[in-house]
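Summary of structural features
Single-letter residue listing:
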Amino acid sequence: MLTFRQLRYLEALAEHRHFGRAARACSVTQPALSMQIRELERLLGVDLVERRAGDVTLTDIGSEVVRRGGRMLAESRDLVDFARHHGRPLTGRLRLGVIPTIAPYLLPRILPALQRRCPELQVELRETQTKVLLDELARGALDVVMLALPIPDTDFEAMRLFDDPFLLAVPADDPRSATARVNVDDIDHERLILLEEGHCLRDQALDYCGNAASTGAMGLGATSLATVMQMVANGYGVTLVPQVSVDVEVRDNRIKLLRLAPPQPGRTVGLAWRQTSPRKADFIALGQIVTETLGVAPKKQTRDKTRA
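Overview of the structure.

Reading the values: rules and limits
Residues numbered from 1 in each chain as written. Predicted model: local features only at pLDDT ≥ 70, side-chain atom pairs only at ≥ 80, totals over all residues. Heavy atoms only, no water. Helix = DSSP H or I, 4+ residues; strand = E, 2+ residues; numbered from the N terminus. Buried < 20%, exposed > 50% of the residue type's maximum accessible area, 1.4 Å probe, protein only. Pairing = 2+ DSSP bridges. Core = buried A, V, L, I, M, F, W, Y, C linked by side-chain atoms within 4.5 Å. Contact = heavy atoms within 4.5 Å. Phe/Tyr/Trp six-rings, centres within 6.5 Å; stacked < 30°, edge-to-face > 60°. 1 Å grid on protein atoms, 1.4 Å probe; cavity = no way out; pocket = protein on both sides within 12 Å on 5 of 7 lines; lining within 4 Å. Points joined across faces, edges and corners; volume = space filled by probe spheres on them. Nonpolar A, V, L, I, M, F, W, Y, C, P; charged D, E, K, R; others polar. Axes fitted to C-alpha atoms, helices over the stretch in contact; angles between N-to-C directions. Parallel < 35°, antiparallel > 145°, perpendicular 65-115°, else oblique. Left-handed = near helix turned anticlockwise from the far one by under 90°.

Time to look at the environment of Leu206. Summarising the element assignment, Leu206 is placed in helix H7 (residues 200-209). According to the relative accessible area criterion, Leu206 is buried, its value standing at 14%. Sequence spacing of Leu206 and Leu192 is 14 residues, and the spatial spacing of their C-alpha atoms is 9.7 Å.

Moving on, we get to the pairing of strand S6 (residues 156-171). Most of S6 sits out of view: 13 of its 16 residues are buried. Taken together, the nine bridges between S6 and strand S12 (residues 266-274) define a ladder with antiparallel strand orientation. Among the inter-strand pairings, Phe162 is bridged to a residue of S12, identified as Val269. As paired strands, S6 and strand S10 (residues 239-242) are joined by four bridges and run antiparallel to one another. Residue pairing across strands places Ala169 opposite Thr239, the latter belonging to S10.

With that out of the way, let us pick up the nonpolar core. Core analysis: the biggest nonpolar cluster contains 40 residues, and Val144, Val145, Met146, Leu147 and Leu286 have the highest contact counts within it. Elements that contribute at least two residues to this core include exactly strand S3 (92-98), helix H5 (103-117), helix H6 (130-138), strand S5 (144-149), S6, S12 and helix H11 (280-294). Excluding residues that lie within four positions of it along the chain, Val145 makes contacts with Leu96, Gly97, Leu133, Leu134, Leu137, Gly270, Leu271 and Ala272. Membership of the second largest hydrophobic core comes to 30 residues, among which are Phe166, Cys209, Val238 and Val241.

Before going further, it helps to examine the pairing of S12. Counting buried positions over the nine residues of S12 gives eight, a clear majority of the element. As paired elements, S5 and S12 share five bridges and run antiparallel to each other. Residue pairing for S12: Ala148 is matched across the bridge by Val269.

Here the focus is the packing of aromatic side chains. Evaluated as defined, the whole model comprises one aromatic pair. The interplanar angle of 40 degrees and the centroid separation of 5.3 Å between the aromatic rings of Trp273 and Phe283 together place this pair among those described as tilted. Of this pair, Trp273 sits in strand S12 while Phe283 sits in helix H11; the two residues are 10 residues apart in sequence, bridging distant segments of the chain.

On the secondary structure map, Met1 appears in the segment before helix H1 (4-16). Overall, Met1 belongs to the exposed group, its relative accessible area being 84%. With 43 residues separating them along the chain, Met1 and Leu44 place their C-alpha atoms 9.8 Å apart. Contacts of Met1, omitting those with residues within four sequence positions, involve Gln6 and Leu43.

So, on to empty space enclosed by the protein. Under the defined criterion, the tally for this structure stands at three cavities of 30 Å³ or more. Taken as a whole, the second largest cavity encloses approximately 60 Å³ of empty space. Surrounding the second largest cavity, Leu192, Ile193, Leu194, Leu195, Leu201, Arg202, Ala205, Leu225, Val228, Thr239 and Leu240 form its lining. Put simply, the parts of the chain that give the lining of the second largest cavity at least two residues each are strand S8 (193-194), H7, helix H9 (225-233) and S10.

Picture a little ball the size of a water molecule; that probe, rolled over the atoms, points out where space is still empty. Looking at the largest pocket, its volume works out to about 470 Å³. Lining the largest pocket we find 20 residues, and of these Arg67, Leu134, Asp135, Ala138 and Arg139 sit closest to its centre. Where the lining of the largest pocket is concerned, the elements lending two or more residues are H1, helix H4 (60-85) and H6. For the lining of the largest pocket, the element with the highest residue contribution is H4, accounting for five residues. Its residues assigned to classes, the lining of the largest pocket comprises seven nonpolar, two polar and 11 charged. Roughly 380 Å³ of volume is contained in the second largest pocket. Elements that contribute at least two residues to the lining of the second largest pocket include exactly H1, S3 and strand S4 (121-127). Of the residues contributing to the lining of the second largest pocket, the split by class is seven nonpolar, two polar and nine charged.

Before going further, it helps to spend a moment on the packing of H1 against helix H3 (residues 30-44). Close contact between H1 and H3 brings their axes to 9 Å; oriented N to C, the two are set at 110 degrees. Taken together, the axes of H1 and H3 are roughly perpendicular relative to one another. Here the hand of the crossing between H1 and H3 comes out left-handed. Side by side, H1 and H3 meet where Arg5, Gln6, Tyr9, Leu10 and Leu13 of the first sit next to Ala32, Leu33, Gln36, Ile37, Glu39, Leu40 and Leu43 of the second. Here the residues of the contact of H1 with H3 sort into eight nonpolar, two polar and two charged.

The structure is reproduced here in structure tokens:
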């Protein structure tokens, strides 16, 4: 009979592409994991992996089994969560994912508030890009994520938290007045500095500036706003910066911030979770604590079906 253990082992093997690393991630020996994978292949009557020296590749059928098995594992974890947290909101373990352009600016304010108000809550953090967070959320490796809305998958439900407008960061010697309102056509696309591919902030900046910016913008491979802001401070270009980051990233007097003309671009920050999760009340309570801590008006809960 097929077991959840076998599916977990196959999921780990798909993630690590190596029997030894997958076994360590599952806290079992390599022979034990390998035996369970072979037993799963025997039960299903198909080859799930291609075994090569030092490497593992999933077959097409193996990839589909991982995808479907991941949904089964996520639902089994949701069942456990339902039993453990029924009637006890914001207690136990909460695996929270946050995108890098939000985490360093909001978590230092949110986590102390959570600790004070929910002393029985154990928050485990994961900071990475949107695509990875949503993949881990879908397969149950995360409970809830904080990111920019909307999101592309209809299997998720989302709660809007607040709007985060963008500002234009320029070198301090920029001739424009600090009270100026900048139009999109006034931004020099050839001097526009963006984060590397995969960051939603990059995509949002390009959406605002238009497709022409995608070829003219400077691609530096930067993974953090801190790096981009140092480039601006040293006169290499300009960038769009979310308002939530200003207190941390714009302490350098070599940088000047300019407001953008209406309609001012920005993003909507929110929470997302699996529709099947039984902890919806937890996530709504988390969202309320976030908005109260930040002093912003809570937004109406909504289900998002389109991509930012």
